[in-house]
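# Observations on the model geometry
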Amino acid sequence: MKIKTILLDIGGVLVDLTGVKRLLNLIGNKLTRAEIDKRWADSENIKLYETGKLTTNEFANGFVKEFNIDITPEDFIAEFPLYAKGFFPGVIELLQKLKQNYTLACLSNTNPVQWNSLCERISIDKYFHHIFLSYEMGILKPDIETYTFVIEKLNCNPDEIVFFDDNEANVQACIDSGMNAYRVSGFDNLKSNLEILNLI
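Here is what the cut-offs are and how they apply
Residues numbered from 1 in each chain as written. Predicted model: local features only at pLDDT ≥ 70, side-chain atom pairs only at ≥ 80, totals over all residues. Heavy atoms only, no water. Axes fitted to C-alpha atoms, helices over the stretch in contact; angles between N-to-C directions. Helix = DSSP H or I, 4+ residues; strand = E, 2+ residues; numbered from the N terminus. Parallel < 35°, antiparallel > 145°, perpendicular 65-115°, else oblique. Contact = heavy atoms within 4.5 Å. Buried < 20%, exposed > 50% of the residue type's maximum accessible area, 1.4 Å probe, protein only. Arc of directions from axis to C-beta. Salt bridge = Lys/Arg side-chain N within 4 Å of Asp/Glu carboxyl O.

Attention now moves to the packing of helix 1 (residues 19-27) against helix 2 (residues 33-42). Between helix 1 and helix 2, the least distance of the axes is 10 Å, while the angle of their chain directions is 100 degrees. Judged by the inter-axis angle, helix 1 sits roughly perpendicular to helix 2. Residue-level contacts link Val20, Leu23, Leu24 and Ile27 of helix 1 to Arg33, Ile36, Asp37 and Trp40 of helix 2.

This part takes up unusual backbone geometry. Geometrically, the link from Lys141 to Pro142 is a cis peptide bond, its omega value of 5 degrees lying close to zero. Looking at the element boundaries, Pro142 is found in the loop between helix 8 (134-137) and helix 9 (144-154). Despite not being glycine, Asn68 shows a phi value in the positive range, around 50 degrees. Within the secondary structure, Asn68 sits in the loop between helix 4 (56-67) and helix 5 (73-79). The phi dihedral of Ser123 falls on the positive side, at around 50 degrees, and the residue is not glycine. Residue classification places Ser123 among the partly exposed residues on the basis of a relative accessible area of 29%.

For helix 1, every residue scored as buried is listed here: Gly19, Val20, Leu23, Leu24, Leu26 and Ile27. Looking straight down helix 1, one finds its buried side chains confined to an arc of 165 degrees; they lie on one side. Buried residues in helix 1 make contact with strand 2 (15-17), helix 2, helix 4 and helix 5. The positive-phi residue at the C-terminal boundary of helix 1 is Gly28, with phi of around 85 degrees.

This next bit is on the pattern of salt bridges. A full pass over the atoms with the stated rule returns 6 salt bridges. Note that Lys38 and Asp42 form a salt bridge whose closest N and O atoms lie 2.6 Å from each other. Taken together, the residues span about one helical turn, with Lys38 and Asp42 both in helix 2 at a distance of 4 residues. We classify Lys38 as exposed; its relative accessible area is 52%. Given the relative accessible area of 45%, Asp42 is considered partly exposed.

This next bit is on the environment of Tyr147. In this structure, Tyr147 sits in helix 9. Residue classification places Tyr147 among the buried residues on the basis of a relative accessible area of 0%. Separated by 45 residues in sequence, Tyr147 and Tyr102 have C-alpha atoms that sit 19 Å apart. Look past the residues within four positions of Tyr147 in its chain and what remains in contact with it is Leu107, Lys141, Pro142, Phe163, Asn170, Ala173, Cys174, Ser177 and Met179.

So this is what it looks like as structure tokens:
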């Protein structure tokens, strides 16, 4: 396996996500973590927002109603950027090292509020040669179009790319597109997989 490009998911891999805990609290802990994750994944409101088809105000109004949370849409918008907290310890050093030896790219289902907040707070955009964001592309993982779009833009053979994501469906779809892909849970797991593959 001759890898030229390392493609990374953001949330749960490089960036600590605290949003689920906050949502559980807002809902009054009436749902489990797994139930929140499923509702998030199935939410049409979130899919529309993360593909750039809703404004932030439209999303906030719809989200508060859909999840029946005890907060105004305005207050939700104010705190929503911080649901993506920041880099896990050690991420910056790893990204700087990888960027010297590989084409480094990220692929994330995300939205303008959280991405812009991460750019402002931790300058996340400066660590990658290529950035693929769902709300800019208008498509989401695990849609196969997402991966074919990335392969075309990276202009290299699919088997020269390795992708790391914390969602099994995203990983499988990536493999189906011809890329190498591995499911990882958190930064430490990412680092150990990179070591096993002799990429660091």
